[in-house]
Amino acid sequence: MKNNRSERILEAFDSLTFCENLIQWFQTEQRVLPWRENQDPYRVWVSEIMLQQTKVDTVIPYFNRFIDQFPTLQALAGAEEQQVLKAWEGLGYYSRARNLHSAVQEVVSTYNGQVPNNEKELSSLKGIGPYTKGAILSIAYDTPAPAVDGNVMRVLSRILMIEDDIAKPATRKVFEEVVRELISKEDPSSFNQGLMELGALICTPKKPSCMLCPVQNHCRAFAEGKELQLPIKSSKKKQKKLPYLALILKDERGKVVIQQRPEQGLLANLWEFPMIPLQEVNKEHVASWFKENYGVEIVLHDTVDHIKHTFSHIIWELEVIEATYTHGQFFEHLTTTFVTKHELEQYPLPVSHQKIVKHV
DNA sequence: AACACGGGGAT
DNA sequence: ATCCCAGTGTT
């Protein structure tokens, strides 16, 4: 079935020359990156998951450590989830790690350890959405499939003067259809990576280097001097502030209490110091609230730090306070444990709570 | 379609 | 402060 929209967008556009220019530029100017050493589908997969919403420079050391620790798909499949989360510690969006771990086990059990090379099977794997599916197909298997991320939407919105709001979910499909027509059938890998590399190095959000752009003469936005007005993106609302008391709760031997977060939601399955939501609990009643909710009696001491931590959708304001355990048993249903500062290193903690560790 | 989901770096 | 980043899953 014909797609009128993408056909009209690409009308009078020299797709062939554009592809040649883009691919030529990518092949000479691409950065040397650890996941570009070969086409191993497992390495491509790991890199693409890590690169979701995350800058290349941030990913590099994580990728290298991760591949050292889990060199093969089978090695990762056989690992404990806590080990995988520890390797992901500090990278954020921890469901990526848990989904990758689960999906790799699925590949071992269902696909004989071979990463699928078709849309249907790839899509069925946890953590692989439309973008990652296309990235694996094109980069690992040289198959022409769209891999539309934020870079690609920015680059193509400018080159083709597409003025749809890229914050809308439906807009990604517009770009996917355009890429399906535009993509090089000769070298879809270099085409997709070239678009993203161009977005990262040249066609940047604030200050695009149009004078250095290998496809400048194809760019409709540049021709009209409108490159800074694209892409169109509606803004999101600001984060809500949530105040907490974070406890450095020690027993008589100097061990501290940490607890595991729930298996769903924010920072799932990571560990943390106990937190009291000050939005729900009056500060004078913290000790009694703790007794009711944890089953043990404590004495509060000095505040040692204030930590502000911004997530994508909320802001934690943590007042870090020292406390002493006096007596009582932690409720059975809680996953609390007493650990030494040394033992703390084995547990995956969110960055906000790593900042608390130095006060222990 | 809208929202939850981390953390860091650039401006 | 605000935006952005090689997005996906859930509701």
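The model shown is predicted, which means the values in this text are computed figures rather than measured ones.

Criteria and cut-off values
- Along each chain, residue indices are assigned from 1 in the same order as the chain's sequence is written.
- To read the labels, note that chains go from A and ligands from 1, taken in the order they are written.
- Confidence filtering applies because this is a predicted model: local features only for residues at pLDDT of at least 70, side-chain atom pairs given and counted only at 80 or more, and all residues used for totals across whole chains, interfaces and linings.
- Secondary structure counts use DSSP, requiring at least four H or I residues in a row for a helix and at least two E residues in a row for a strand, with both numbered from the N terminus.
- Partly exposed residues are those falling between the two cut-offs: more than 12 but fewer than 20 other C-beta atoms within 10 Å of their own, whereas 20 or more means buried and 12 or fewer means exposed, with C-beta atoms placed from the backbone.
- Think of it this way: build a C-beta for each residue from its backbone, and any pair within 7 Å is a contact.
- In this entry, near means the residue's backbone-placed C-beta atom lies within 6 Å of the molecule or strand.
- Here the term charged refers only to Asp, Glu, Lys and Arg, the term nonpolar to Ala, Val, Leu, Ile, Met, Phe, Trp, Tyr, Cys and Pro, and the term polar to all other amino acids, Gly among them.
- UniProt positions are given in the numbering used here, feature names are shortened, and annotations may be inferred rather than shown by experiment.
- A pair of strands counts as paired when DSSP detects no fewer than two bridges linking them.
- In these notes, a nonpolar core means any group of buried Ala, Val, Leu, Ile, Met, Phe, Trp, Tyr and Cys residues linked to one another through C-beta atoms within 7 Å.
- With axes taken as lines fitted to C-alpha atoms, and helix axes fitted only over the stretch in contact, angles between N-to-C directions fall between 0 and 180 degrees.
- Put simply, angles under 35 degrees are roughly parallel, angles over 145 are roughly antiparallel, angles from 65 to 115 are roughly perpendicular, and the rest are oblique.
- Annotation comment: domain bounds sourced from an automatic or database domain assignment.

## Describing the overall build of chain A
Here comes step 1: When helices and strands are tallied, chain A shows 15 helices and 7 strands.
Here comes step 2: The dimensions of chain A, computed from C-alpha atoms along their principal axes, are 75 × 45 × 35 Å.
Here comes step 3: Within the span of chain A, comprising 360 residues, buried residues form 36% of the whole.
Here comes step 4: Long-range contacts, defined here as pairs at least 24 residues apart, represent 68% of the contacts in chain A between residues at least 6 apart.

## Section: the protein's contact with DNA strand C
Here comes step 1: Taken together, 31 residues are adjacent to DNA strand C, and L51, G129, T132, D149 and G150 come closest.
Here comes step 2: Secondary-structure elements contributing two or more residues to the surface near DNA strand C are α9 (130-141), α10 (150-159) and α12 (188-201).
Here comes step 3: Per-element tally for the surface near DNA strand C: the top contributor is α12, with 5 residues.
Here comes step 4: Each residue belonging to the surface near DNA strand C can be placed in one class, and the counts come to 11 nonpolar, 12 polar and 8 charged.

## So, the protein's contact with DNA strand B
Here comes step 1: Taken together, the neighbourhood of DNA strand B is formed by 23 residues, with G92, A170, G265, S312 and P350 sitting nearest.
Here comes step 2: Counting residues per element, the ones that place at least two in the surface near DNA strand B are α11 (169-182) and α15 (351-357).
Here comes step 3: Taken together, the residues that form the surface near DNA strand B break down as 9 nonpolar, 10 polar and 4 charged.

## A closer look at the UniProt feature "domain: HhH-GPD" (unreviewed entry) in chain A
Here comes step 1: In this numbering, the UniProt entry assigns the feature "domain: HhH-GPD" (unreviewed entry) to residues 50-201.
Here comes step 2: Its end C-alpha atoms 19 Å apart, residues 50-201 is made of 65% helix and 0% strand.

## A word on the pairing of strand β6 (residues 314-328)
Here comes step 1: Here strand β1 (residues 240-250) runs beside β6; their pairing, made up of 11 bridges, is parallel. In the strand pairing of β6, L247 is matched with I321.
Here comes step 2: Pairing geometry for strand β5 (residues 296-310) and β6, over 12 bridges, is antiparallel. Paired with H306 across the two strands is E319, which belongs to β6.
Here comes step 3: Taking the residues between adjacent antiparallel strands as the criterion, β5 and β6 are bridged by 3 residues.

## Topic: the nonpolar core
Here comes step 1: With 71 residues, the main nonpolar core has L22, V46, I136, V152, L156, F175 and V178 as its most contacted residues.
Here comes step 2: Among residues more than four places away in sequence, those in contact with I136 are P41, V44, W45, E48, V115 and L122.
Here comes step 3: Membership of the second largest hydrophobic core comes to 23 residues, among which are V257, F290, Y294 and V320.

## Comments concerning helix α3 (residues 41-50)
Here comes step 1: The buried fraction of α3 amounts to 10 of the 10 residues, a majority that puts the element mostly inside the structure.
Here comes step 2: The inward-facing, buried residues of α3 contact α4 (56-69), α5 (73-77), α7 (95-110) and α9.

## Some remarks on α10
Here comes step 1: In terms of burial, α10 is a largely internal element, 8 of the 10 residues being buried.
Here comes step 2: Along α10, the residues classified as buried are V152, M153, R154, V155, L156, S157, R158 and I159.
Here comes step 3: Those residues of α10 that are buried lie in contact with α11, α12 and α13 (220-223).
Here comes step 4: Where α10 terminates, the next one or two residues include M161, which has phi positive at roughly 55°.

## A look at the packing of helix α2 (residues 15-29) against α12
Describing two packed helices takes the angle between their axes plus the distance from one axis to the other.
Here comes step 1: Running from amino to carboxyl end, α2 crosses α12 at an angle of 75°, the nearest separation of the two axes being 9 Å. Of the possible angle classes, the one that applies to α2 and α12 is roughly perpendicular. On α12, the residues touching C19, L22, I23, W25, F26 and Q27 of α2 are S190, F191, Q193, G194, L195, E197 and L198.
Here comes step 2: Classifying every residue of the contact of α2 with α12 by side-chain character gives 8 nonpolar, 4 polar and 1 charged.

## Comments concerning the environment of S138
Here comes step 1: Among the secondary structure elements, S138 is positioned in helix α9.
Here comes step 2: With 54 residues separating them in the primary sequence, S138 and N192 have C-alpha atoms 7.4 Å apart.
Here comes step 3: Leaving out residues up to four positions away in the same chain, S138 has contacts with T143, P144, A145, A147, P188, S189 and N192.

## Some points on the domain arrangement of chain A
Here comes step 1: According to the domain assignment, chain A consists of domain 1 (4-229) and domain 2 (240-357).
Here comes step 2: Each of domain 1 and domain 2 has a C-alpha centre, and the two are 38 Å apart.
Here comes step 3: On the domain 2 side, the residues contacting the 9 residues of domain 1 number 7 residues.
Here comes step 4: At the level of elements, α6 (81-88) and α7 are the ones that each hand at least two residues to the side of domain 1 that touches domain 2.
Here comes step 5: Ranked by residues supplied to the side of domain 1 that touches domain 2, first place goes to α6 with 4 residues.
Here comes step 6: The residue makeup of the side of domain 1 that touches domain 2, split by class, is 2 nonpolar, 3 polar and 4 charged.

## Details of unusual backbone geometry
Here comes step 1: Residue L230 is joined to P231 through a cis peptide bond whose omega torsion reads 0°.
Here comes step 2: Of note, P231 is situated in the loop between α13 and β1.
Here comes step 3: Although it is not a glycine, A12 sits at a positive phi angle of roughly 65°.
Here comes step 4: For A12, the position within the fold is in the loop between α1 (4-9) and α2.
Here comes step 5: Looking at A12, the number of C-beta atoms within 10 Å reads 6, which means it is exposed.

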